[in-house]
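Structural features, examined
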Amino acid sequence: MKEWLSQYGYLILVFFAVLAIFIVVLNFAAKAYSKHMKSFKAEEAEIKRLTALKEKYKDLSEEAISSAPDEELLEGVALIYQLFLQKKDNVEEEFLKLSSEIQSIYVLDVFVADGGVEEFFTANTNILRMRLVPALELIGLNEDAKRLSAISRMYDEDDYEASFSRKKLEDADKFFRDSDILSRIKLNSAKYIKENVSLLKF
């Protein structure tokens, strides 16, 4: 036995080393699988949620809109416009054909989905950016519109007089996060939509 250990004892060390590596790899695989399943379930839940919204608001009927929760109404209505535009060859061209009211509702939903001032202005083009201030005015958020007008000018590709200011952008983002602009947009949009259903039909 001693002779065997002296000759082949290293094999035991190799075995345990391989076993340790196997356990580590198995642990990583288990974590990766768990993360994948959480991600998959989250995506599946989101697809089901959006499908339910589509079914609920597909006709933009007064009944569905009048009884809708204020928190979800903006997203539900804007989703119908989004699905309509996705079917078109030239999305920007078709967007510009929509009424100013529909464009405003669409832009407000994009702003809410983006989650903040910097995200919205950096992620989108002029066609949406330049409609945010009028959209806020449409739903009665005039003070917010005034505060964002300077940011809008900074990002306006056709405005050669306004200069970019990182501090102004950061201050605006902080102010609107603290004042919970996203909730106010949802609630004011819901009020506007319910009072102007006829303007929001294609």
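None of the values given here were measured: they were computed from a predicted structure. (Residues numbered from 1 in each chain as written. Predicted model: local features only at pLDDT ≥ 70, side-chain atom pairs only at ≥ 80, totals over all residues. Heavy atoms only, no water.)

Below, the discussion takes up the nonpolar core. Counting 48 residues, the largest nonpolar core has Val 117, Leu 132, Leu 148, Ile 151 and Ile 185 as its most contacted members. It is helix 5 (residues 100–114) that provides the largest number of residues to this core, a total of eight residues. (Core = buried A, V, L, I, M, F, W, Y, C linked by side-chain atoms within 4.5 Å. Buried < 20%, exposed > 50% of the residue type's maximum accessible area, 1.4 Å probe, protein only. Helix = DSSP H or I, 4+ residues; strand = E, 2+ residues; numbered from the N terminus.)

A few words on the packing of aromatic side chains. For the structure on display, the rule yields six aromatic pairs. When the ring of Phe 120 is compared with that of Phe 121, the centres are 5.2 Å apart and the planes differ by 85 degrees; the resulting orientation is edge-to-face. Summarising the burial analysis for this pair, Phe 120 and Phe 121 share the class buried. A centroid spacing of 5.2 Å and a plane angle of 80 degrees characterise the contact between Phe 175 and Phe 176, whose relative ring orientation is edge-to-face. When its relative accessible area of 3% is taken as the criterion, Phe 176 is described as buried. An aromatic cluster is built from Phe 111, Phe 120, Phe 121, Tyr 155 and Phe 164, whose rings are joined through pairwise contacts. Lying across the ring of Phe 175, Arg 147 places its NZ or CZ 3.7 Å from the centre. (Phe/Tyr/Trp six-rings, centres within 6.5 Å; stacked < 30°, edge-to-face > 60°. Lys NZ or Arg CZ within 6 Å of the ring centre and 35° of its normal.)

The subject of this paragraph is the packing of helix 3 (residues 70–86) against helix 11 (residues 181–195). Between two packed helices, the angle of one axis relative to the other and the distance separating the axes together describe the packing. Interaxial distance between helix 3 and helix 11 falls to 7 Å at its minimum, and their mutual angle equals 70 degrees. Considered as vectors, helix 3 and helix 11 are oriented roughly perpendicular to each other. Contacts from Asp 70, Glu 71, Leu 73, Leu 74 and Val 77 of helix 3 reach helix 11 at Ile 185, Lys 186, Leu 187, Ser 189, Ala 190, Ile 193 and Lys 194. Across the contact of helix 3 with helix 11, the residue classes tally to seven nonpolar, one polar and four charged. (Axes fitted to C-alpha atoms, helices over the stretch in contact; angles between N-to-C directions. Parallel < 35°, antiparallel > 145°, perpendicular 65-115°, else oblique. Contact = heavy atoms within 4.5 Å. Nonpolar A, V, L, I, M, F, W, Y, C, P; charged D, E, K, R; others polar.)

If you check helix 11, its first and last C-alpha atoms are 21 Å apart, about what 15 residues at 1.5 Å a residue would give, namely 21 Å. Residues of helix 11 that are buried in the fold lie against helix 2 (62–66), helix 3, helix 5, helix 8 (132–138), helix 9 (142–155) and helix 10 (166–178). (Expected span 1.5 Å × (residues − 1).)

Further remarks concern the environment of Lys 186. Here Lys 186 is to be found in helix 11. C-alpha of Lys 186 to C-alpha of Asp 70: the two residues are 116 residues apart in sequence and 6.8 Å apart in space. In contact with Lys 186, other than residues within four places in its own chain, are Asp 70, Glu 71, Leu 74 and Val 112.

We now examine the pattern of salt bridges. Throughout the structure, instances matching the rule amount to 15 salt bridges. With a shortest N-O distance of 2.7 Å, Glu 72 and Lys 56 are connected by a salt bridge. A residue pair is termed long-range when its members are at least 10 positions apart, and Glu 72 in helix 3 and Lys 56 in helix 1 (residues 2–57) qualify at 16 residues. Take Lys 56: its relative accessible area is 37%, and that puts it in the partly exposed class. In this structure, Lys 146 engages Glu 143 in a salt bridge whose closest nitrogen and oxygen atoms are separated by 3.7 Å. Placement of both Lys 146 and Glu 143 in helix 9 is noted, with a separation of three residues, approximately one turn of the helix. When sorted by exposure, Lys 146 lands in the same class as Glu 143, which is exposed. Put simply, Glu 46, Arg 49 and Glu 75 are held in one network by salt bridges that share partners. (Salt bridge = Lys/Arg side-chain N within 4 Å of Asp/Glu carboxyl O.)

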